[in-house]
Amino acid sequence: MTRHRVQDAAEFGRVAVLLGGAAAEREISLKSGRAVLEALRRQGVDAEPIDPEADVLERLRAGGFARAFVVLHGRGGEDGQIQGALERIGMPYTGSGVLGSALGMDKHRCKRLWAGGGLPTAEAVLLRDEDDLPAAAALGFPLMIKPVHEGSSIGMAKVVDAAGLAAAWREASAFDTLVLAERWIDGPEYTCAILGEEALPLIRLETPNVFYDYEAKYSADTTRYFCPCGLEPAREHALQSLALDAFEQAGASGWGRVDLMLDAAGNPFLLEINTVPGMTDHSLVPIAARAAGMDFERLVWRILETSLGRG
């Protein structure tokens, strides 16, 4: 599908940049949102920041906004809630709709969807309470423990034995009543940014940390990003196609990111979807966009174009 390309900023109308929110990723959302807001304004877009509270729909109506650029990470902003609210008032917005947002935020159901559709993803066990820990241990150690509905690696931990599993489950449970225990994949990690129907160049991630955790994502200077990723072109294209399939199967659209890993034999395993990825100076989508010849301003403009035709 060929998307309409906007030439004049006035065609967008007044844009609400939704940032902040009440999720655990609030500070990252504020940083991402400010970067997006400044990029839009530099290009002549009439954009204003909105930190949503209970009266957000009234503020959007009263403010004369024509559309919303959603930069809310985590619960309330990336899980279909704000998307559903915006659809209720007929306001176009960027990124995935209600279904794609909800599935992308739910790591457990997204993995089950992929598995049912024949896409590769690591074996996992859902932990609802302590009685489920033996089933997780039966997968074999090491394991990755992660809250089902959190992003930015919040609450995640690698565990190597039953004692570590119990401790990590308790810590993850502080963030979510549902926790996922996933078979550890020992190999390189990649991410594929998606813009419209296009997969951008893959990025290979390297960190001296145990895994690509919150510190590695947002503050460490030791994280390395390789783009070009170093794979042969045919291999990279195959992984880009896999990422596009995974994105589409989950009902995601507009823009986002699909994370995956390769095991020691080179077999791919899908990890998760991000339907509102970070847009900070450490963020991955801007890195991939630059490799595709697109600066930050153009990337933000293109994302805003995904709101056209919605509402």
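Relevant structure appears above.
If you're wondering where the values come from, they're calculated on a predicted model, not measured in any experiment.

Draft legend 1. Molecular detail of the packing of aromatic side chains. Enumeration over the complete set of coordinates arrives at one aromatic pair. A ring pair is formed by F12 and W301, whose centres lie 5.0 Å apart and whose planes are at 75°; its orientation type is edge-to-face. Of this pair, F12 sits in the segment before β1 (15–18) while W301 is found in helix α11 (residues 296–305), placing the two residues 289 residues apart along the sequence. Neither F12 nor W301 differs from the other in exposure class; each is buried. Between the NZ or CZ atom of K158 and the centre of the ring of W184, over which it lies, the distance is 4.3 Å. Positioned above the aromatic ring of F269, the side-chain terminus of R183 is 5.3 Å from the ring centre.

Draft legend 2. Here's a closer look at the pairing of strand β7 (residues 179–183). Where burial is concerned, most of β7 is hidden: four out of the five residues are buried. Two elements, strand β4 (residues 124–127) and β7, share four bridges in a ladder whose sense is antiparallel. Residue pairing in the sheet places L126 in a bridge with L180 of β7. Across five bridges, strand β5 (residues 143–147) lies against β7 in antiparallel orientation. Each residue of the ladder has a partner; that of M144, found in β7, is E182.

Draft legend 3. Just the sheet that holds strand β2 (residues 47–50), in detail. Overall, parallel pairing links the three strands, which are arranged β2-β1-β3 in an open sheet. Since the sheet does not close on itself, it has two edges, and those belong to β2 and β3 (67–70), each with one partner. Across the sheet, the axes of successive neighbouring strands diverge by a mean angle of 30°, strand direction being ignored. Sheet strands touched by helix α1 (residues 26–42): β1, β2 and β3. Its angle to β2, the strand with the most contacts, is close to 165°.

What counts, and at which threshold
- Residues numbered from 1 in each chain as written.
- Predicted model: local features only at pLDDT ≥ 70, side-chain atom pairs only at ≥ 80, totals over all residues.
- Heavy atoms only, no water.
- Phe/Tyr/Trp six-rings, centres within 6.5 Å; stacked < 30°, edge-to-face > 60°.
- Helix = DSSP H or I, 4+ residues; strand = E, 2+ residues; numbered from the N terminus.
- Buried < 20%, exposed > 50% of the residue type's maximum accessible area, 1.4 Å probe, protein only.
- Lys NZ or Arg CZ within 6 Å of the ring centre and 35° of its normal.
- Pairing = 2+ DSSP bridges.
- Axes fitted to C-alpha atoms, helices over the stretch in contact; angles between N-to-C directions.
- Contact = heavy atoms within 4.5 Å.

Structural measurements only, silent on function.
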